[in-house]
Amino acid sequence: MVKSHSVHVCRECGTSSPKWAGRCPGCGEWNTLEEERHAVKHRAGAPTPTTSLRDVGEETAAVHSTGVGELDRVLGGGFIAGSTTLLFGEPGVGKSTLALMSLRALAEEGTSVLLVAVEESTAQVAQRARRLGVVPTGLEVAATASVEDVEHLLGDRRPVLCVVDSISAMSAESLGGVAGSVAQVRHVAERLCATAKSTGVAIILVGHVTKDGDLAGPRALEHLVDTVVRIEGDRQGSLRLLRAMKHRFGPTGEVGILEMVGDGLREIPDASVMQRGPALDVPGVVFTVTNDGSRSFLVEMQALVATGAGSPRRVAHQVSSQRLALLLAVLESRCAVNTSALDVFAATAGGLSATEPGVDVALALAVASAVGQFPVARTTAAIGEVGLAGELRAVGALSRRVREAQRLGATRVIVPSEGELDEVSGVVVHRCRSLLEAIAIVQRDTM
Ligand code: TYD
Ligand code: MG
């Protein structure tokens, strides 16, 4: 028996409700509910066989490299046949570029690939491809927005990897409605996931995010696919981070780093941010090592103070404004570094964000250095959280952070007095109980 019934699904959050309403019961947005028709099949009840879990052998799916090292890193080696990966990020962040780089690399080694250009013409895609270098033979592109076309293509050609750029503009002829609507996007994604499984083709779906950083259309997309990779970064800056938000076959928490340059995204496997800036010995610059997932990055914290007109401004870019406010208060009441009449600007160099508390002491030192007009040696890295009493508190992964600092050129580290730390050769370790002690150490250099 096949019966059709309709539900109303919110375009923003994916909440479904049986009745239409002006306001979504899930997220409270107005006019976001759209009708979706479902065919409900009732099967005659044949019992589903079960298996003893003990007898199920290990499945060893072959992992295929994407050809882009940093993407492989977040995927735990690459993609597997028949899987679907959602690659999403803000417009202009480099989703199409990254996907194309992977297709190029695979085509170069003779692997069959297919790009489905949904939003752009083949001429536009070709232009981007040429920007990345010589276009290899075998990099096939099809310009279509119809899921039926893609199903045919995949069934027919069976490429190893297919990129659909983007899922948001795809539609299904069989389903009425507007391309980009919740119902369409979800329906199309469901069909593509099924096609990936039945044909063994690995599919990367490119998706947009809305202004709030949510996936455009239903969040339900995240549940359909095997893997969700987010590409993030400040569009003004050049650094891009890749992160696996969900991964059915491998680790999440790995972070990949890339840099957008004139001919594509360059991999920065070492994240050697320390050595990239001009080696100016100016006050207000202090290096630290931040931790993200299982990786540590060297980050340059910068602070600038200035006498402004009117009420003092606090501007935090890629650092937490709450933590900055807290650190300014601690500096004033515990370390006699007064910024109450000054404008304070704090940022990281290069656009990498550093919002975890382990960067506190470096940010506070940067401000103290800017106020006191003494430079901190570029070979010093400061790691630790600052508490309200002005104490330095232990942070996670201290040994790894110190090793990373040493690897990238630090000869001295300032760390909290507490916290386990393995022996690291070639680096002087200063254990400090308070921010005041840390300031005294860096000040001593210039005396
Ligand atoms: P794109 O991959 O089109 O972003 P998305 O698909 O996420 O919207 O590229 C975004 C920007 O990157 C674009 O403004 C131009 C820039 N870019 C480079 O700087 N270098 C390059 O080699 C390429 C291809 C793009
Ligand atoms: Mg694009």
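Residues numbered from 1 in each chain as written. Chains lettered and ligands numbered in written order. Predicted model: local features only at pLDDT ≥ 70, side-chain atom pairs only at ≥ 80, totals over all residues. Heavy atoms only, no water.

Enquirer: How should I be thinking about the packing of helix H7 (residues 321-335) against helix H8 (residues 360-372) in this particular structure?
Expert: Axis angle and axis distance: for two packed helices, these are the angle between their axes and the distance between the axes, and together they describe the pair. For the pair H7 and H8, interaxial distance at closest approach is 10 Å and the crossing angle is 60°. Judged on the interaxial angle alone, H8 and H7 are oblique. The hand of the H7/H8 crossing is right-handed. Contacts from Arg 323, Leu 324, Leu 327, Leu 328 and Leu 331 of H7 reach H8 at Asp 360, Leu 363, Ala 364, Val 367 and Ala 368. Tallied by class, the residues present in the contact of H7 with H8 amount to 8 nonpolar, no polar and 2 charged. (Axes fitted to C-alpha atoms, helices over the stretch in contact; angles between N-to-C directions. Helix = DSSP H or I, 4+ residues; strand = E, 2+ residues; numbered from the N terminus. Parallel < 35°, antiparallel > 145°, perpendicular 65-115°, else oblique. Left-handed = near helix turned anticlockwise from the far one by under 90°. Contact = heavy atoms within 4.5 Å. Nonpolar A, V, L, I, M, F, W, Y, C, P; charged D, E, K, R; others polar.)

Enquirer: Explain the site of ligand 1 to me, please; I cannot follow it from the model alone.
Expert: Taken together, 16 residues form the shell around ligand 1, and within it Gly 92, Ser 96, Thr 97, Val 261 and Gly 264 come nearest. A distance of 2.9 Å is found between an oxygen atom of ligand 1 and a backbone nitrogen or oxygen belonging to Gly 94. In this structure, Gly 264 approaches ligand 1 through a main-chain N or O atom, which is 2.5 Å from an oxygen atom. When ligand 1 sits alone it has 550 Å² of accessible area, and the protein chains cover 75% of it. When residues of the shell around ligand 1 are traced back to their parent elements, those giving at least two are helix H2 (95-108), helix H3 (122-131) and strand E13 (255-261). A per-element tally of the shell around ligand 1 places H2 first, with 3 residues. (Near = heavy atom within 4 Å. Polar contact = N/O pair within 3.5 Å; in protein donor to acceptor, adjacent residues only side chain to side chain. Areas by Shrake-Rupley, 256 points an atom, 1.4 Å probe, with all protein chains shown as cover.)

Enquirer: Got a minute to help me understand the pairing of strand E7 (residues 113-117) in this structure?
Expert: Remember that side chains alternate between the two faces of the sheet whenever the strand is regular. Of all the 5 residues making up E7, 5 are buried; the element is thus mostly covered by neighbouring parts of the structure. Burial along E7 is two-sided: the face carrying Val 113, Leu 115 and Ala 117 and the face carrying Leu 114 and Val 116 are both buried. A crossover links E7 with its parallel partner strand E8 (residues 139-143), the connecting element being H3, and its sense is right-handed. (Buried < 20%, exposed > 50% of the residue type's maximum accessible area, 1.4 Å probe, protein only. Right-handed = clockwise from strand over helix to strand, strands pointing away.)

Enquirer: Can you help me understand the nonpolar core in this one?
Expert: Most often, soluble globular proteins keep nonpolar side chains buried together rather than apart. Ranked by internal contacts, the top residues of the largest apolar core, which has 46 residues, are Met 301, Leu 331, Val 361, Leu 365, Ile 414, Leu 435 and Ile 439. Looking at this core, the elements with two or more residues in it are strand E12 (239-247), E13, strand E16 (295-306), H7, strand E18 (343-348), H8 and helix H10 (435-445). At 9 residues, H8 tops the list of elements feeding residues into this core. Residues contacting Ile 439, with those up to four places away along its chain left out, are Leu 331, Cys 335, Val 337, Leu 365 and Ala 368. Among the nonpolar cores identified, the runner-up in size contains 31 residues, and Met 101, Leu 115, Ala 202 and Leu 242 belong to it. (Core = buried A, V, L, I, M, F, W, Y, C linked by side-chain atoms within 4.5 Å.)

Enquirer: I'm lost on the side chain of Thr 111 in this one. Help?
Expert: Relative to the assigned elements, Thr 111 resides in the loop between H2 and E7. Residue Thr 111 is classed as buried on the basis of its relative accessible area, which comes to 12%. A distance of 3.1 Å separates the side chain of Thr 111 from the side chain of Glu 109, its partner in a polar contact. When sequence neighbours within four positions are dropped, the list of residues in contact with Thr 111 reads His 64, Leu 106 and Val 160.

Enquirer: What exactly am I supposed to notice about the sheet that holds strand E11 (residues 227-232) here?
Expert: Note on sheets: strands pair through backbone hydrogen bonds, and any given pair is parallel or antiparallel. Pairing in this open sheet of 9 strands is mixed, and the strands run E8-E7-E9-E10-E6-E11-E12-E13-E14 from one edge to the other. Each edge of the open sheet carries a strand with a single partner, namely E8 and strand E14 (264-267). Across the sheet, the mean angle separating the axes of adjacent strands is 25° when strand polarity is ignored. (Pairing = 2+ DSSP bridges.)

Enquirer: Explain the packing of helix H4 (residues 147-157) against helix H5 (residues 182-199) here, please?
Expert: Two elements in contact, H4 and H5, have axes whose closest approach is 10 Å; the angle formed by their N-to-C orientations is 5°. Put simply, H4 runs roughly parallel to H5. Counted together, Val 147, Glu 148, Val 150, Glu 151, Leu 154 and Gly 155 of H4 and Val 188, Arg 191, Leu 192, Thr 195 and Thr 199 of H5 form the full contact between these two elements. Its residues placed into classes, the contact of H4 with H5 shows 5 nonpolar, 3 polar and 3 charged.

Enquirer: Whenever I open this one, the environment of Glu 385 confuses me. Can you help?
Expert: The topology assignment puts Glu 385 in strand E20 (residues 385-386). In the structure, Glu 385 is positioned 26 residues away from Val 359 in sequence and 6.6 Å away in space, judged by C-alpha atoms. Not counting chain neighbours up to four residues away, the residues in contact with Glu 385 comprise Arg 323, Pro 357, Gly 358, Asp 360, Glu 391, Leu 392, Arg 393, Ala 394 and Val 395.

Enquirer: Would you take a moment to explain the pattern of salt bridges for this structure?
Expert: Opposite charge on two side chains lets them pair, provided their charged atoms get close. Taken as a whole, this structure holds 17 salt bridges when the rule is applied. Residues Arg 73 and Glu 70 are paired through a salt bridge, measuring 3.5 Å at the closest nitrogen-oxygen approach. Placement of both Arg 73 and Glu 70 in helix H1 (residues 69-75) is noted, with a separation of 3 residues, approximately one turn of the helix. A salt bridge links Arg 433 to Glu 437, with the nearest nitrogen and oxygen atoms 3.1 Å apart. Residue classification places Arg 433 among the exposed residues on the basis of a relative accessible area of 58%. Salt bridges sharing partners connect three or more residues here, namely Glu 148, Glu 151 and Arg 191. (Salt bridge = Lys/Arg side-chain N within 4 Å of Asp/Glu carboxyl O.)

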